[in-house]
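Now for the letters of each chain:
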Amino acid sequence: MFRTATSVTRGVVAVVKGSSRAIHTTLLRMAPVQVGDTLPSVDLFEDSPANKVNIAELVSGKKVVLFAVPGAFTPGCSKTHLPGYVQNADKMKADGVGEVVCVSVNDPYVMAAWGAQHNTKGKVRMLADPNGNFIKALDLGTNLPPLGGFRSKRFSMVINDGKVQELNVEPDGTGLSCSLADKIKYKN
Ligand code: BEZ
C-alpha cells in the first residue's frame, strides 16, 4: 500500500493455482476521500460528451458545494435530494458558495435532461461521470445492480479551494439523511 497526495492505492495480486504466474491488476484506491484531501483532477461532462469540465479546475480558488446521487431520475434523488439543492442554491451563493454541483454516474445527456426537468439552470451544475472515474478516484462508489452496477454513494461535500472541508456520506450508501441540502455546513 502506498499513499499519494490525493489517493491511497493497493496492488492486487492473484496467484493462479498450480502455476507460478502472478496477475497484477489495476491499482485501486482503497480508502475513501477524507476531510483535508485535495480533490483529484478528473474530467466530468456537462450537457454533452464534447463539453468537458475538469473538476480540479472548477473547484480552484472558490468554495463549492458538491453532492452526488446514485442515479438521475430515481425517486429519492428526484423528489428529495436534487430539489433541496435547487431550492437552497441561491442562498448558498449569497453566502459565498461559488458553485453548487450535482454529480452522478450517468451519461451527460441524461444529466442534462434531468436538470431541465428540475430547472437547475443557473443554480446547480449537472455534471456527468459516465465511467465513474471521479467517484472511483474518491472511493465513494457502490454496486447497485438495479441501476445497472457501479454508481455513486449518496454524499455531499464542501470543497474550499480544492480541498475537502466537509464530507457527509450516507451511512447506508443511498439513504436521504446527512447529505441533504438543509444539513450541509458550508458557511465555515
Ligand atoms: C433512489 O430512489 O434514490 C434510489 C433508487 C434505487 C437505488 C438507489 C437510489
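If you're wondering where the values come from, they're calculated on a predicted model, not measured in any experiment.

Scoring rules and cut-offs
Residues numbered from 1 in each chain as written. Predicted model: local features only at pLDDT ≥ 70, side-chain atom pairs only at ≥ 80, totals over all residues. Heavy atoms only, no water. Near = heavy atom within 4 Å. Polar contact = N/O pair within 3.5 Å; in protein donor to acceptor, adjacent residues only side chain to side chain. Areas by Shrake-Rupley, 256 points an atom, 1.4 Å probe, with all protein chains shown as cover. Helix = DSSP H or I, 4+ residues; strand = E, 2+ residues; numbered from the N terminus. Pairing = 2+ DSSP bridges. pLDDT = per-residue confidence, 0-100. Contact = heavy atoms within 4.5 Å. Buried < 20%, exposed > 50% of the residue type's maximum accessible area, 1.4 Å probe, protein only. 1 Å grid on protein atoms, 1.4 Å probe; cavity = no way out; pocket = protein on both sides within 12 Å on 5 of 7 lines; lining within 4 Å. Points joined across faces, edges and corners; volume = space filled by probe spheres on them. Nonpolar A, V, L, I, M, F, W, Y, C, P; charged D, E, K, R; others polar. Disulfide = S-S within 2.5 Å.

### Here's the deal with the site of the ligand
And step 1. In the vicinity of the ligand, the contacting residues are Pro70, Thr74, Pro75, Gly76, Cys77, Leu147, Arg154 and Thr174.
And step 2. One of the backbone nitrogen or oxygen atoms of Cys77 is found 3.4 Å away from an oxygen atom of the ligand.
And step 3. The side chain of Arg154 places a nitrogen or oxygen atom 2.8 Å from an oxygen atom of the ligand.
And step 4. Computed on the free molecule, the ligand has an accessible area of 260 Å², of which 74% lies beneath the protein chains in the complex.

### Describing unusual backbone geometry
And step 1. The phi dihedral of Phe73 is positive, around 70°, even though this residue is not glycine.
And step 2. Considering the arrangement of structural elements, one finds Phe73 in the loop between β8 (63-69) and α2 (75-94).

### What about the pairing of strand β14 (residues 163-169)?
And step 1. Relative to β14, strand β13 (residues 155-160) runs antiparallel, the two sharing six bridges. Paired with Ser156 across the two strands is Asn168, which belongs to β14.
And step 2. If you look at the hairpin formed by β13 and β14, you'll find two residues sitting between the two strands, and Asp161 has a positive phi there, around 50°.

### Comments concerning the confidence of the model for the protein chain
And step 1. When pLDDT is averaged along the protein chain, the result is 89, and 85% of the positions lie at 70 or above.
And step 2. Segment residues 1-20 is flagged for pLDDT under 50; beyond a separation of four residues in sequence, or across chains, it makes 37 contacts in the model.

### A word on the pairing of β13
And step 1. With five of six residues buried, β13 lies mostly within the body of the structure.
And step 2. Pairing between β8 and β13: six bridges, direction antiparallel. By the bridge assignment, Val65 is partnered in β13 with Val158.

### Side note on the layout of surface pockets
A probe matching the size of a water molecule, rolled over the atoms, marks out where space remains unfilled.
And step 1. By volume, the largest pocket amounts to about 230 Å³.
And step 2. Residue lining of the largest pocket: 15 residues in total, with Glu46, Thr120, Lys121, Val124 and Met126 positioned closest to the centre.
And step 3. Where the lining of the largest pocket is concerned, the elements lending two or more residues are α3 (108-117) and β10 (125-128).
And step 4. It is α3 that provides the largest number of residues to the lining of the largest pocket, a total of four residues.
And step 5. Partitioning the lining of the largest pocket into residue classes produces five nonpolar, four polar and six charged.

### Observations regarding the state of the cysteines
And step 1. Tallying each qualifying case throughout the model produces zero disulfides.
And step 2. Cys102 takes part in no disulfide bond, and the closest cysteine sulfur, belonging to Cys77, lies 7.9 Å away.
And step 3. Among the residues examined, Cys102 registers a relative accessible area of 0% and is labelled buried.

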